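# Secondary and tertiary structure notes
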Amino acid sequence: MDSRVLKFLIGALYIYCQVHAADDAYNGELMVESNVTLEIETILSALNSTDIQVNDTNSAPHDVTLLDSGVISECLIVGNQSNCNCSDGYIWSNDVCYTEKCCSESTCTQNVSHITPLCIAKFQVKINGSIMSKSTWDSSKTTKLETAFKELNGFESLNVTRQRPRNSIVGFEATVGIKFETSTLQGIVSQLETSLEAVVLVETVGMVTIEAPETTKYLSSPTLKCTLEEETDRAGWNMSTKHERFELNNGTVVKLNERCATQEYKSCVSVTLQGVTSLWTGIYECGFTNGSVRHTAKTQLRVSLLPDEIDLKINPLTVDCSDMEDSENVNVNVTATILNSTESFDVWWSYRGEEKNNLVNTSDGDYLVYSFTANISCQKSNASQYVNVTFKNTVNQEKSARVDIPVIYKGETFCEKDEFWPNTPSGDTVINRTCEKGRFGYKSRTCNGNTWQDVFFHCVDQELKTVTKSADNFKKGLGASQEAAMDIFGGLKNSSTTNSTDSSSIMADLSASINILSVMSSASVNFALEDSVIPDFVNAASNMLNRTWDVYNKSVIQNLSSDYLLSVEEMVKNIKINMTNEFNSPNLDLKFCSDSSCSVFDIDVNLDKTLGMIRTVAVKNLTDKLNNNFLEKNTTSLLLSVTLEDNNDSPLEIRMNFPSEEGTKPLCVFWNTTVRGWSDEGCSTNISDGNHTLCVCNHLTAFSVLMSKSDTSDEILDMISVVGLCVSICSLLIFLIIEALVWSAVVKTNLSHFRHTAMVNIALFLLLGDSSFLASSYPEILSDTCCLVLTICKHLFFLAMFFWMLCLSGILVHQLIFVFSPVRKRAFMFFSSIVGYVCPILIVGSSYVYYKYTNQPYHDKKKCWLNYKKPLEGSLHAFVLPVGTVTLTNLFSMVVVILTLLKSSVPDSTKTDDKATAKSILKVVVSLTPLFGVTWAIGFIGFMLDGNDPISKVVDYSFTILNSFQGLFILLMGCLTEEKVREELIKFVTAKSKGQSGSMTKLNSTTYTKDK
């Protein structure tokens, strides 16, 4: 008896489920067994006319509608003999192939009718592989490769596609007609690795099901999903563009999800792209890896694009209507530039949001350029003058860019043209997008009143711009890998070692470098960076602190330094530690400690903890750049950041032993990130010994120690200085008034004229210098500009005072030595003007220009005085060296005067004569000391002393008292002690008194006569 078994693939049985009120489609198989020959068409016709009902797992019935059907296999069984075939387009299932050895499309003589599924619809799977062999590839190995892959069910073909030099590395492509289990392919790979003595890697295409939208809107958040029936070791996504391939990992845009597996699909990975732009248009590939086998699938994601950046430029940069009537207009050429795009845009521009005007682009290499001319009105208006350019894509999404056009109206204040910065109205900022060769970005400058502010440079080096782009992509999740992170920090380190002396380059590059550091620290929250990035990270961060930061104003420095600190802390906190325990550089010392103590840059750290790793980083040369809200305190050079990993201990107590200066009063503080300032909350200060400060705090963050002079010495000196300066200023004003009153009477001779001319100049410049000094007594409330101006004034006025002192001592010595060779008045005035006016101006001007153009600080913003770094380094030497020279010269002059007085005394003089000589010498010393500036020599002694030396206090007090009251001493010794001046002053007072008395007598006499 023979029996014919037919298996039908009943496609898409439509089940109407009243309970769920939903439409579900299923595939099913129906086996028909009979001992007679059956016509297939008869069976199919019967199926189509039969009502079918099925029960679900809850025994609930459901009506089924048959949508499609077809024969998938047919078996003829005669006795014990069986003859089975799959229909066209079908292939034996893997169960049939690997259990009954009936594979591909061959006739099967085994009785396999009981196996389900019996035949499977053909489904092409491609296998791409590479073989790295230890020996030369030959035809025998190709035969082994083909033989091994023919064991796969549904094997169709295999080709060796490429051979590397020396034929040791080859690629191949194989095709099969059915999906298979990974373990089967892995078995073949392992067999080949043994027989060929090679490493074999394979990828498949067709095993993975991928779901993705073909097109998505701009800034939408599409989700792409890949599934595989088997469990795998790991999964991931890649994205490819025309020239680049990126690995996708979690970031601000990329959100990966590996928890989407089901019972049917045991491996799943999806990616959601939050807010897609043109950057995310490309080919997306997912992959599941098991051993040496990786299953992949690809799809193209198209974004209905809008320009990511619309670069608007105007020419001229400003509109000057200052000499025009209100009714007139000025034409401004505007260009809008975007990256070349495959999207078809509708583009128009408008002036002040009105009158749409369509635009047509012109191609410029990789860019599309839209140009037009806007007619700008000179009619005065409080509203901004601007133009908009709008782009609309094929799904009616729009994006606009606006450029404000600065207009100088008639009669308004503006800044005049300065090189390539045009006339600009007050309050506006001009953007200049022209950069030096090899740099990209822009420059900006703001007009305040009629004064230009400093130029801000944002023209970044090409390499640094590339690193910035890579870091931005890394943060988004595009190309976020360990290798990419190492490239970014390597590029950052290389850029930070550039020894540029151009302040504009330093400003742009330093700001960009800190921004990269900030971006990567944010990215480290989503992507765990390995410790292999530490060397380049630490060196780059250290090099940034070696750069000159004084190219910025105070507020910018404080913001940048705070961003720098937060970035370094976040990086140290998030880096995944494997092997590294410590890494140091000149400005950063990084250490990871598993026990309770650590030491970095001579700071001993002890933390009471039960478990976890202490992460410490000490930073040098940063605290002076951070905002110091403790105005009475000075910052120290060290800052310590401490974090604790894998620990939930509460409360915590951290003890830090900072090196400190002896004789100072320390304060332990931490950096408050909320207010961006120092705070001592939760910290106590102890002196562990003369050279160390022990800080004990109950929280973890960035710590430092602020220092001040012990207790009250600063306050007393400040009080003495202020009082002395006020007295000096009043005394000098009185001196100048007296000189004006008695001038004509006391300059009868050339020598007296010389003397009083020099004294008046000394008093005048000391008055201006003391006034400038008093005005800068509280530098923390002054702007950077005011601080700089007052520093220049003090530098200039005090130098001029000393040079006029030099003139006075010079003429005095000349008259003593060359008695019969008097100096002519014209010669004295000429040479003294050169020395007293021109020399100070030349010294101040040249020193300012030198430090300005060598990118070194001219003044100390914390003190509003010249900058000092170390001996022979710093602008203070442009004051100390000339003053020191003048002081030594004046001391020599005093010695000459004293020796002259000693020689004038006869050898056989009496004791009375000796006393007179001694009195004369004492009078010379007392009177000439303030006029010659000899008291400033005390400052040089203090300059050379160690601040911790006890004598230093005595010197400080002596210098402060003598020099703050110098104006009073000049009034007393240079004016009131001179007999001629006293006589003329008495005559003047007496004459005034007599005049008043005579008037009163006359008035009384007249009254008496009338009464009579």
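Note that the structure is a prediction, hence the values are computed from the model and not measured.

This part is about the sheet that holds strand 29 (residues 386–392). The antiparallel open sheet is built from four strands, whose spatial order is 26-25-29-30. Either end of the sheet is taken by a strand with one partner, and the two such strands are strand 26 (354–358) and strand 30 (398–404). Strand after strand, the sheet turns through a mean of 25° between neighbouring axes, direction not considered. Across six bridges, the pairing between strand 25 (residues 346–351) and strand 29 is antiparallel. Residue pairing in the sheet places W348 in a bridge with T390 of strand 29.

Another point: the environment of T215. Looking at the element boundaries, T215 is found in strand 14 (residues 215–217). Expressed as a C-alpha distance, the spacing of T215 and S304, which sit 89 residues apart in the sequence, is 6.9 Å.

Another aspect to go through is unusual backbone geometry. Geometrically, the link from T116 to P117 is a cis peptide bond, its omega value of -5° lying close to zero. Here the bond from N315 into P316 is cis, since omega is 5°, no more than 30 degrees from zero. Locating P316 in the fold gives a position in the loop between strand 22 (311–315) and strand 23 (319–320). Positive phi, normally seen in glycine, also occurs at S59, with a value near 65°. Within the secondary structure layout, S59 lies in the loop between strand 3 (52–55) and strand 4 (61–65). A relative accessible area of 58% means that S59 is categorised as exposed. A positive phi angle, close to 50°, is found at R676, a residue other than glycine. You can call R676 partly exposed: its relative accessible area is 29%.

Its location among the elements puts I338 in strand 24 (residues 329–339). Put simply, I338 and D308 are 30 residues apart on the chain and 8.0 Å apart in space, counted from C-alpha to C-alpha. When neighbours within four sequence positions are excluded, I338 is seen to be in contact with P307, E309, I310, F345, D366, Y367, L368, Y370 and F391.

Turning next to helix 4 (residues 182–196). Residues lying three or four places apart along an α-helix face the same way, a consequence of the helix completing one turn every 3.6 residues. Counted at 1.5 Å a residue, the expected span for helix 4 with its 15 residues is 21 Å, and the 21 Å between its end C-alpha atoms agrees. Of the residues making up helix 4, those classed as buried are T182, L185, Q186, I188, V189, L192 and L196. Along helix 4, the residues classed as buried sweep out an arc of 160° about the axis, all on the same side. Looking at the packing, one finds that the buried side of helix 4 touches strand 9 (125–133), helix 3 (139–149), strand 12 (198–205), strand 20 (282–290) and strand 21 (293–304). At the exit of helix 4 stands E197, carrying a positive phi of roughly 50°.

On to the packing of aromatic side chains. All told, the structure shown has 17 aromatic pairs when counted by the stated rule. Look at F420 and W421: their rings are 5.3 Å apart centre to centre, the planes differ by 40°, and that puts the pair in the tilted class. Counting every residue linked through ring pairs, the aromatic cluster contains F765, F797, W804 and Y837. Over the face of the ring belonging to F123 we find K179, whose NZ or CZ atom lies 5.1 Å from the ring centre. One cation-aromatic arrangement involves R433 over Y442; the distance from NZ or CZ to the ring centre is 5.7 Å.

For the rest of this paragraph, the subject is the pairing of strand 17 (residues 245–248). Side-chain direction in a regular strand flips from residue to residue, so the side chains alternate between the two faces of the sheet. In strand 17, alternate side chains face the same way, and those of F246 and L248 are buried while those of R245 and E247 on the opposite face are not. Where strand 16 (residues 234–240) lies against strand 17, four bridges are found, and the strand directions are antiparallel. Paired with N238 across the strands is E247, a residue of strand 17. Once strand 16 ends, the chain turns through four residues before running back antiparallel as strand 17.

Moving on, we come to the state of the cysteines. Summed over all chains, the structure comprises 13 disulfides. Here C435 pairs with C459 through a disulfide, and the sulfurs are 2.0 Å apart. A torsion of -75° about the S-S bond marks the disulfide between C435 and C459 as left-handed. Placement of the pair is C435 in the loop between strand 34 (429–432) and strand 35 (439–440) and C459 in the loop between strand 38 (456–457) and strand 39 (460–461), with a sequence separation of 24 residues. Overall, C459 belongs to the buried group, its relative accessible area being 3%.

Right, let's get into the sheet that holds strand 22. Hydrogen bonds between backbone atoms are what pair the strands of a sheet, whose relative direction is either parallel or antiparallel. Strand order in the open sheet formed by four strands is 22-24-28-27, with antiparallel pairing between adjacent strands. Of all strands in the sheet, those with a lone pairing partner are strand 22 and strand 27 (362–364), marking the two edges. Taken over all neighbouring pairs, the strand axes of this sheet differ in orientation by 35° on average, direction set aside. By the bridge criterion, eleven bridges tie strand 24 to strand 28 (residues 367–377) in an arrangement that is antiparallel. Bridge pairing in strand 28 links N331 to N375.

Cut-offs used in this document
Each chain has its residues counted from 1, following the order in which its sequence is written. Only residues with pLDDT of 70 or above have their local features reported here, since the model is predicted, and side-chain atom pairs are shown and tallied only from 80 upward, although totals for entire chains, interfaces and linings are computed over all residues. With hydrogens and water stripped out, all remaining heavy atoms of the structure feed into the side-chain values. Only strands that DSSP links by at least two bridges are regarded as paired with each other. Going along the chain from the N terminus, every DSSP run of H or I of four or more residues is numbered as a helix, and every run of E of two or more is numbered as a strand. Fitted lines through C-alpha atoms serve as axes, helices being fitted only where they are in contact, and the angles separating the N-to-C directions of these axes extend from 0 to 180 degrees. Relative accessibility thresholds used throughout: buried, under 20% of the residue-type maximum; exposed, over 50%; partly exposed, between the two (1.4 Å probe, protein chains only). Residue contacts are defined here by distance: any two heavy atoms, one from each residue, within 4.5 Å place the two residues in contact. The span expected for a helix works out to 1.5 Å for each residue beyond the first. Taken from the helix axis, the directions to the C-beta atoms give the arc we talk about. Within 6.5 Å between ring centres, the rings of Phe, Tyr and Trp (the latter by its six-membered ring) count as paired, and their orientation is classed by plane angle as stacked under 30 degrees, edge-to-face over 60, tilted in between. Comment: the charge-over-ring label is applied if NZ (Lys) or CZ (Arg) is within 6 Å of the ring centre and within 35 degrees of the ring normal. In this description, the term disulfide denotes a pair of cysteine sulfurs within 2.5 Å.

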